[in-house]
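Overview (structure and organization)
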Amino acid sequence: MKEFLNIALPKGRLGEKVYAMFESVGYDCPSIRENNRKLIFENETVGVRYFWVKPSDVTIYVERGAADVGVAGKDILLEYTPDVYELLDMKTGNCRMAVAAPVGFRDDPARTLRVATKFSNIARNYYSEQGREIDMIKLNGSIELAPILGLSDVIVDIVETGTTLRENRLEVVETIIPISARLIANKASYQFKNEQIRRLTERIEQKLSEAES
Ligand code: PRP
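Report on the accompanying structure.

Rules used throughout
Residues numbered from 1 in each chain as written. Predicted model: local features only at pLDDT ≥ 70, side-chain atom pairs only at ≥ 80, totals over all residues. Heavy atoms only, no water. Helix = DSSP H or I, 4+ residues; strand = E, 2+ residues; numbered from the N terminus. Buried < 20%, exposed > 50% of the residue type's maximum accessible area, 1.4 Å probe, protein only. Core = buried A, V, L, I, M, F, W, Y, C linked by side-chain atoms within 4.5 Å. Contact = heavy atoms within 4.5 Å.

1. Details of unusual backbone geometry
Unusually for a residue other than glycine, Thr81 sits at a positive phi of about 35°. Relative to the elements of secondary structure, Thr81 occurs in the loop between helix H3 (74-80) and strand E5 (85-89). Here Thr81 falls in the exposed class, since its relative accessible area comes to 63%. In this model, Ser142 sits at a positive phi of 45°, which is unusual for a non-glycine residue. In this structure Ser142 comes out as exposed when scored by relative accessible area, which is 56%.

Structure, rendered in structure tokens:
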């Protein structure tokens, strides 16, 4: 019997786009489109098993081998530096990691900057490269509230369309790094299921290059 290739998909909008990409290169699993409470879906003919996991947990499943491959944002890879192989930029889920502040904010470089973020490692590295002293305020969501309520001076967060910033009278001050979704693999699976993983990677690469030309 053929061994399944186990794929962790990030639940939500990104996961749906990414699944459509897998489907279009022959890794379809029709039941995934029919049931929205189930978390595991298999297509025995193709030899693929998908799991829906929380986007920030994809790297945990892949690093520990519960999934052979998965799709995670570059933001998660930079923040948690999991011990996995990064195989491919999937050129989707494009956004950027940025510093944002209330419109009209003027920074005083002589003062410690209060930074609210979910991405404390990314923020710490960014400011330490600049030799800037910061007071880190780690939050878990709705980061945009922090400078509005005077909890922080700036935020470090994901900006996609810019709508959340605009609606809260914030603006981008600096872009730290562009972000997109990456195909990642468990290191042992990459040895033991090398042919399956390479075939999947090549097909997606091919699809992406067709889309570009
Ligand atoms: C992310 C991010 C911003 C928003 C940016 O939040 O933290 O709040 O998306 O998108 P936009 O530029 O298109 O408005 P998410 O929805 O992941 O929720 P969070 O509040 O838990 O961070």
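2. Description of the nonpolar core
Ranked by internal contacts, the top residues of the largest apolar core, which has 26 residues, are Ile7, Leu9, Phe22, Tyr50, Met90 and Ile204. Counting residues per element, the ones that place at least two in this core are strand E1 (5-10), helix H1 (13-24), strand E3 (48-53), strand E4 (69-73), strand E11 (181-185) and helix H8 (194-212). Dropping the residues within four chain positions of it, Met90 is found in contact with Val18, Met21, Phe22, Val71, Ala181, Arg182, Leu183, Ile204 and Leu208. Judged by nonpolar contacts, the second largest core, of 14 residues, contains Val99, Ile122, Ala123 and Val156.

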